[in-house]
Amino acid sequence: MYKYKVSILGTGFIGLCSAACFAQKDIKVLASTHNEKKAKIINEYKSPFFEEGLEEMLIDIKQKNPELLKCLTDPVQAVLNTDIIMITQGTPMRIDDSIDLSYIESTAKEIGEALKQDDKYRLIVVRSTVVPGTSMNLVGKIITEISGKVPGKDFGLCMQPEFLAEGRSIEDTLKPDRIIIGSIDNKSGDMLQEFYEYFYGDHLKNCPIKRMNLESAEFVKYGNNCLLSTKISYANEFANLAELVPNVDIVQVMEGVGLDYRINHRFLRAGVGFGGACFHKDVNAITKWARSKGYVSKLLEAVLERNDLRAIRIVDIAEGLVGKLEGKKVTLLGLSFKPGTDDMREAPSIRVINELIKRKVTDIVGYDPKAKESAEEAIGDKIKYASSIEEALKDSECTLLITDWDEFKKLNPDDFKKHMKSPNLVDGRRIYNYDEFNNSLNFRAMGRINLK
Ligand code: UDX
């Protein structure tokens, strides 16, 4: 009845967004998770996490054809009832910063159990971020060990990296700028390509499909995230250099640099550094992986080190403006790792708070338009949580702007003057007009120094 039946093993950002987008295009989707609570939420066509546009899409599926999307708690059944099996499990960071492939491993075992039960040819697609060699040497190997089936003969094997950014997951799923298909053989690659030709249709006129082997496809994802992280650390390094000279403004400098068509302006915004689940995890995973192979990637290790130092930098700048912060009330505007999400994973705010505490600052108040609850979970009682900007600024002696939410962009110097005990502001994301703020407040901005 359906042209394609796909199972999605793992219901995080990648899994659930894909599941919803596929189902909207008449593809029968069986998602699977071991978390019964999560499965129940999805089967009520709600999203277990916030992602722009996802819940609306799930409601739409429920209204038009709820049969298209079901979430099981039994991956073996999901595999047995589908032709294309996508692994979208998380690959978190271990305590030693290396990659944790345990979810991939257990999912591969479950797929093996399913493939053992009949002789149908199915295509297995790894879409999680995995270090090179994993699709073949872990996923393919485990499936073979358990099912006795041979990859490339009894089942197909592909690796298709994902480039979704949080807050844009639906848009990125529906309109990617390229599709990378790594495959063990032509038959597997052709099968996945045909699936995407069906799913994307006309969008492929602007979106090349690039075919390669499994290992190269695995590596593309790291090449991507490492370069984006490097661009940010590069801009931050230049921000430090800019601060050596009065009047050099990192924003203008990077705008100028980004106009070179070979470079482009994206991901050159200097500030308190990058956060989020991917950049730290992936740069760490690949540097640890390289070390395990006897290679030290000094460049990528420096990208992480420079990023961590941004928290120290912003606190240094604040103390340069205010003097010692010990004994003073300090406000953080923004706690989530970027605007548009309540995600606190690797958020710069956490590093800044730890640095403030190290310098014996005990009166810290944070405000975030969306991340109050998740921040309380991540940071606990190290800080107080305000419910409004006014409450956060009240009686404060120094404000650090950490996340570039639109709500903060609307503030003017008077808003700070009105509520703060002494209006000291450090713009950690360069959202304020430098001259306007510098003329009316005690103001510093990362990547620019011009003393009054
Ligand atoms: C990132 C990648 O963009 C995505 O392709 C990948 O699949 C997952 O990781 P995400 O972590 O959701 O996505 O957010 P992104 O928008 O890339 O921002 C990451 C961090 O970098 C944020 O903390 C952001 O504030 C910071 N950033 C971004 C900068 O500090 N400067 C910039 O110029 C751009």
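Computed from a predicted model, the values in this text were never measured in an experiment. (Residues numbered from 1 in each chain as written. Predicted model: local features only at pLDDT ≥ 70, side-chain atom pairs only at ≥ 80, totals over all residues. Heavy atoms only, no water.)

### Notes on the domain arrangement of the protein chain
Taken domain by domain, the protein chain holds domain 1 (5-212) and domain 2 (245-445). A C-alpha centroid distance of 35 Å is found between domain 1 and domain 2. For the pair domain 1 and domain 2, the summed buried area comes to about 1,200 Å², and 58% of that belongs to carbon and sulfur atoms. For the domain 1 face of the interface with domain 2, the top three residues by lost area are Phe50, Met93 and Glu166, together amounting to 44%. One salt bridge connects arginine 345 with glutamate 166, and the closest N-O pair in it is separated by 3.6 Å. Applying the counting rule to domain 1 against domain 2 returns 3 residue pairs in polar contact (both at pLDDT 80 or more). (Domains from an automatic or database assignment. Buried area = accessible area lost by both parts, 1.4 Å probe. Salt bridge = Lys/Arg side-chain N within 4 Å of Asp/Glu carboxyl O. Polar contact = N/O pair within 3.5 Å; in protein donor to acceptor, adjacent residues only side chain to side chain.)

### Observations regarding the side chain of serine 183
Structurally, serine 183 can be placed in strand β7 (residues 179-183). Residue contacts for serine 183: discarding those within four places in its chain leaves Leu157, Cys158, Ser188, Gly189, Met212, Asn213 and Leu214. (Helix = DSSP H or I, 4+ residues; strand = E, 2+ residues; numbered from the N terminus. Contact = heavy atoms within 4.5 Å.)

### Structural notes on a nonpolar patch on the surface
Together, Tyr234, Phe238, Leu241, Leu244 and Val245 give the surface a local cluster of nonpolar side chains, amounting to about 470 Å² of exposed area. Here leucine 241 lies in helix α9 (residues 214-242). For leucine 241, a relative accessible area of 41% puts it in the partly exposed group. (Patch = residues over 30% accessible without salt bridge, like charges linked within 9 Å, V, L, I, M, F, W, Y side chains within 5 Å. Areas by Shrake-Rupley, 256 points an atom, 1.4 Å probe, with all protein chains shown as cover. Buried < 20%, exposed > 50% of the residue type's maximum accessible area, 1.4 Å probe, protein only.)

### With respect to the site of the ligand
The ligand sits among 19 residues. The nearest are Phe163, Leu164, Glu166, Arg269 and Phe337. Measuring from an oxygen atom of the ligand, one finds a backbone N or O atom of phenylalanine 163 at 2.9 Å. A distance of 2.7 Å separates an oxygen atom of the ligand from a polar backbone atom of glutamate 166. With the chains in place, 93% of the 670 Å² that the ligand exposes on its own is no longer accessible. With 3 residues, α9 is the largest single contributor of residues to the shell around the ligand. Of the residues belonging to the shell around the ligand, the class tally is 10 nonpolar, 3 polar and 6 charged. Residues from two domains meet in the shell around the ligand; each of domain 1 (5-212) and domain 2 (245-445) gives at least three. (Near = heavy atom within 4 Å. Nonpolar A, V, L, I, M, F, W, Y, C, P; charged D, E, K, R; others polar.)

### Examining unusual backbone geometry
In this structure, aspartate 26 takes a positive phi of about 65 degrees despite not being glycine. Judged by its relative accessible area of 44%, aspartate 26 is partly exposed. One non-glycine residue with positive phi stands out, namely asparagine 247, at about 80 degrees. Mapping asparagine 247 onto the fold places it in the loop between α9 and α10 (250-258).

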